[in-house]
Each structure stands twice: as C-alpha cells, then as structure tokens.
Amino acid sequence: MASVFKEEKLYRIQVSKPCRVIGILDNVFGGFYPFLDDIKEENWGMIPAGCEGWLIKKWGRTSFLPDENQNGIQQFTHTNQPFVLIPFHKIKDSYKKMS
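A short tour of the structure in this document, coming up. This one's a predicted model, so the numbers in the text were calculated from it and none came from an experiment.

### Looking at the overall build of the protein
- Scanning the protein for helices and strands turns up two helices and seven strands.
- Listed N to C, the secondary structure of the protein is α-β-β-α-β-β-β-β-β in terms of helices and strands.
- Relative to its full complement of 99 residues, the protein shows a buried share of 31%.
- At a minimum sequence separation of 6, the contacts of the protein that also span at least 24 residues come to 67%.
- Accessible surface, the protein: about 6600 Å² in total, of which carbon and sulfur atoms supply 53%.

### Remarks on the pairing of strand S5 (residues 61-66)
- Bridge analysis of strand S4 (residues 52-58) against S5 gives six bridges, and the strand direction is antiparallel. Looking at the pairing, Trp 54 lines up with Leu 65 of S5.
- Where S4 folds back on S5, the antiparallel hairpin that results is connected by two residues, among which Trp 59 adopts a positive phi of roughly 55 degrees.
- Sheet topology note: the S5/strand S6 (residues 86-87) ladder contains two bridges and is antiparallel.

### Digging into the nonpolar core
- Counting residues in each nonpolar core, the largest one holds 13 residues, and the members touching the most others are Ile 47, Phe 64, Phe 76, Ile 86 and Ile 91.
- The residues contacting Ile 47, other than those within four sequence positions of it, are Val 15, Lys 17, Pro 18, Cys 19, Val 21, Phe 64, Phe 76, Ile 86 and Ile 91.

### Side note on the sheet that holds S6
- Spatially, five strands are ordered S6-S5-S4-S1-S7 in an open sheet, and the strand pairing comes out antiparallel. A single partner strand is all that each edge strand has here, and the edge strands are S6 and strand S7 (95-97).
- Of the strand pairs in this sheet, strand S1 (residues 8-15) and S7 are connected by three bridges, and their pairing is antiparallel. By the bridge assignment, Val 15 is partnered in S7 with Tyr 95.

### Thoughts on the side chain of Gln 14
- Turning to its location among the elements, Gln 14 is positioned in strand S1.
- A polar side-chain atom of Gln 14 sits 3.4 Å from a polar atom in the side chain of Glu 52.
- Those residues in contact with Gln 14 that lie beyond four places of it in its chain are Gly 50, Cys 51, Glu 52, Ser 94, Tyr 95, Lys 96 and Met 98.

Criteria and cut-off values
- Residues numbered from 1 in each chain as written.
- Predicted model: local features only at pLDDT ≥ 70, side-chain atom pairs only at ≥ 80, totals over all residues.
- Heavy atoms only, no water.
- Helix = DSSP H or I, 4+ residues; strand = E, 2+ residues; numbered from the N terminus.
- Buried < 20%, exposed > 50% of the residue type's maximum accessible area, 1.4 Å probe, protein only.
- Contact = heavy atoms within 4.5 Å.
- Areas by Shrake-Rupley, 256 points an atom, 1.4 Å probe, with all protein chains shown as cover.
- Pairing = 2+ DSSP bridges.
- Core = buried A, V, L, I, M, F, W, Y, C linked by side-chain atoms within 4.5 Å.
- Polar contact = N/O pair within 3.5 Å; in protein donor to acceptor, adjacent residues only side chain to side chain.

And the structure:
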C-alpha cells in the first residue's frame, strides 16, 4: 500500500500543442484562479506549446508536473503556487516524449 503514495517519475515530456486544462467554471467553483480579471486574457487556463515537465505517477494516477519558472506557466497555475499536477487525460493527445 505504501507504493500508492510514492511519486514515480515516468519520463520527461514537452507539450506539443496548446491544450486547455482549466475552464471558466473551474474558477467560479473553486479552481486555481481567485480573480475574474484573469479570465479576460485569451490564453487563460491553457498550457502553451513548448511547456516542459515530468509525467509522473502519484496517488495511483498519472499526471503532468510542469517545471516551474518557464514562460506561460502563470496561465494555468495559481500565482503563489507554481506546482500543480495536471491530470493526464487533459494532455494525452498534446505532448511528445523527450529523450
């Protein structure tokens, strides 16, 4: 049972095309963005192409863990918390494996 709680890094990936990971309703009902002013931006809630990070397995689920301090990360993470786990199904057709 201990292995379910352990984080396992599978491989590095790069997002190959922009994909929406946060919708407006996610914000209204307690999502990442506390201010409605953020919705005015065109790319709000989108992971931009070129974003890199790890595909990990944690808590029995596969997720994308983007690297912090890269361009565009503020579009889908809270301002005070650059670490976020994106469910794999949100990016499954929009990434490529890095060597």
